Amino acid sequence: MSQYKIIFTGPVGAGKTTAINSISDVPPIKTDAAASDMTKSRKAATTVAMDYGIMNLVGGEKIHLYGTPGQERFDFMWDILVNGGIGLILLLDNTRADPFQDMKFFLEAFDKFITQTSVAIGVTQMDVSTTPTIDDYHLQLKELGITPPVFAVDARVKNDVSVLVQSLLFSLDPGLEEEA
Amino acid sequence: MDNIKRSLKVALHGMDERSVRTMAMYLKGPCQGVAVVVDAPSAEIDIFDGDSITSKKLLTEYLAKSSVKPVIVLSLQNVYLDNVVSVKKPVKAEDMMGALAEVKARLELAARQEIKLSPVVSEPLINKEIVVKPTLKTYVINQDEQQTTKHQTAMQMNDAALNAYIGNVPGVDVNDPAQFAMAGYNPKDYFQGYMQSAINACQEKKEIMQLHSGWRPLILFPENHEIWLDADDKQLRAFASLKLDNPSGNKMSLSPINAPLPELINTPEKLHNMDAFIWKLACWTSKGRYPDSINIEQPVYLKNWPNFTRLLITPHAMRIAALLVREPRTLGDVARILNIKPQYVFVFISAACAVGLAGQARRAADVLVEPADIKPSQKQGLLGRIISKLRGSYA
């Protein structure tokens, strides 16, 4: 059976782990436990820091939900991670110093993957910092020549994450049928 | 063993626990163990994350001290500060190892010459106003995070729920192409039109204002982009559908207010985001009709995706948005391509027009060139099953 995955990315603290947990059917994988097969000489150096969840579909299919390791510096893993991915969820933290710079960074970093699939952007922490607004994000994206979905998202709220992922899927194919 | 002996001792600052662990792995693996992570007092070098607000503050405070330790800053931008080596993100192993080698050389030179590295002149890194969070936020899944937010999340309805929620217009079948001409409405004839005018006026004047409508008290807050209304959804829905005739000139009016009403302070649950309010109001006013400013024979554009997590999501709204954001189309074309009832397109376009996201395409090319049909995704079945799962059609 094919392995399908949706990739969650964004800067540290944007809510990737929480978002995955919101829609995953299994508890998030504990990173400490996942490190058991790694070098054990130093515990601090053996933990694999990757978020992972699963959505179980009817018929036994599984959608794997992967969060990129939070720090921008570990992009060497990204190419491996996105291989076979359905699309990209980009989460941005509105309280960061320059969320637009974050956005451009991740859009550029995943440019090839986005071109092949699609992207939906969730902006978190908008209750804490109301600016930039969602309209501001759209203006920035217009300059980049793309019009992806951009939603205010509370990663703790399942419905917010669900709507964001749905928008990604409808971006891929507006012809998808909805359940009556 | 030699490699371990030569490893530089580094302390990491402004990173959460997971990042520290990952960084430690990175130094040990891709960076070939040229450095190891230790506690701050034992470190020869301090490495800062230069991008989060909290870590920037930490760095600024650190550099203001008379520190003799060299500093490496990892940042999306180049950082130009004395005694600071900048490594641009995304960090590549060779860049990191180069920076560590440079710092190591400095340390060795300093040791040989017994010179003290000059204290760094304090220079604020942050141009923008600092809003300091208490700590770097580490996302750990626990019950504390299952909180509610100020704004309501989207309400997503299916076909069956729409008619019950939105209602319909007696005597007109809005889904019959032969009756499309009668399926338009003028928002100005309804409360929706007054509200849109009031919002425009209020935002132009940038003043808190009260709308005197002869109905319920309503206050507009342009700065917060919020509306306070002393009515529930059921009452608003009923009022939205009333055609307001004002031949006598008994019109609604706006007036500035200086102090919030006492009842407002005690009832924050009656505050609505302006866009969410107008969007909902337009849905209830439309009842499946389209605004008569739209020529249904001509294409309609959608500027960008609506902020659906904070709006009422009518049936097929996301599909319509996904289609229209690609290129302008006529409303009939949208209904045909998506194989849905025109009323769903009409109600969506009413709401999108009301918040200024949609309008009639004016470019000649949009009229001259007929948009192509969409290609179905090869994974359509799978994507549909994910949608069903997300909407809770089955567990």
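Before reading on, note that the structure itself is shown above.
Before going into details, it helps to say that this report is about the structure given with it. The structure displayed is predicted, hence computed values, not measured ones. The residue count restarts for each chain, going from 1 along the sequence in the order it is written. Each chain gets a letter, beginning with A, and each ligand a number, beginning with 1, in the order they are written. With pLDDT at 70 or above as the cut-off, local features in this predicted model cover only qualifying residues; side-chain atom pairs require 80 or more to be listed or tallied, and sums for whole chains, interfaces and linings still use all residues.

Structural notes on the sheet that holds strand E1 (residues 4-9) of chain A
Residue and element names in this part refer to chain A.
Then, in step 1: At least two DSSP bridges between two strands are needed for those strands to be called paired. Strands here are runs of E lasting at least two residues and helices are runs of H or I lasting at least four, both read from the DSSP assignment and numbered beginning at the N terminus. The 6 strands are arranged E2-E3-E1-E4-E5-E6 in an open sheet whose pairing can be described as mixed. The sheet terminates laterally at strand E2 (51-56) and strand E6 (150-152), the two strands that pair on one side only. Adjacent strand axes in the sheet meet at a mean angle of 20 degrees, parallel and antiparallel pairs treated alike.
Then, in step 2: Where E1 and strand E4 (residues 85-93) come together, 5 bridges link them in parallel fashion. Lines fitted to C-alpha atoms define the axes here, with helix axes fitted over just the stretch in contact, and angles between the N-to-C directions of these axes take values from 0 to 180 degrees.

Describing the environment of Val-85 of chain B
Residues and elements named next belong to chain B.
Then, in step 1: With respect to the helices, strands and loops of the structure, Val-85 is situated in strand E5 (residues 84-88).
Then, in step 2: For the pair formed by Val-85 and Pro-70, sequence separation is 15 residues and the distance between their alpha carbons is 8.0 Å.
Then, in step 3: What counts as a contact here is a pair of residues whose C-beta atoms, placed from the backbone, lie within 7 Å. In this structure, Val-85 is in contact with Pro-70, Ile-72, Ala-99, Glu-102 and Val-103, ignoring residues within four places of it in sequence.

With respect to the sheet that holds strand E2 (residues 35-37) of chain B
All names here are of chain B.
Then, in step 1: Sheet architecture is open: 5 strands sit in the order E2-E1-E3-E4-E5, paired in parallel fashion. Each having just a single partner strand, E2 and E5 make up the two edges of the open sheet. Pairwise comparison of adjacent strand axes, ignoring direction, gives a mean angle of 30 degrees for this sheet.
Then, in step 2: As defined by bridge partners, strand E4 (residues 71-75) adjoins E5 across 5 bridges and the pair is classed as parallel. Across the sheet, the residue bridging to Ser-75 is Lys-88, located in E5.
Then, in step 3: Running over the sheet, helix H2 (residues 17-28) touches strand E1 (8-13) and E2 and is turned about 160 degrees from E2.

Here we look at the environment of Ala-105 of chain B
Then, in step 1: Among the secondary structure elements, Ala-105 of chain B is positioned in helix H4 (residues 93-113).
Then, in step 2: It is 73 Å that separates the C-alpha atoms of Ala-105 of chain B and Lys-234 of chain B, two residues lying 129 residues apart in sequence.

Here we look at helix H14 (residues 380-390) of chain B
Then, in step 1: Residue burial is a threshold on neighbouring C-beta atoms within 10 Å of the residue's own C-beta, all placed from the backbone, with 20 or more meaning buried, 12 or fewer meaning exposed, and counts in between meaning partly exposed. Those residues of H14 of chain B that fall on the buried side of the exposure criterion are Leu-383, Arg-385, Ile-386, Ile-387, Lys-389 and Leu-390 of chain B.
Then, in step 2: Looking at the buried positions of H14 of chain B, the neighbouring elements they touch are E2, strand E3 (62-67) and helix H6 (158-172) of chain A.
Then, in step 3: Backbone geometry just after H14 of chain B places Gly-392 of chain B at a positive phi near 75 degrees.

Structural notes on the environment of Thr-147 of chain A
Then, in step 1: By secondary structure assignment, the location of Thr-147 of chain A is in the loop between helix H5 (134-144) and E6.
Then, in step 2: Taking C-alpha positions, Thr-147 of chain A is 16 Å from Phe-110 of chain A, a pair spaced 37 residues apart along the chain.
Then, in step 3: Setting aside anything within four residues of it in sequence, one finds Thr-147 of chain A in contact with Leu-141 of chain A together with Asn-304 and Val-325 of chain B.

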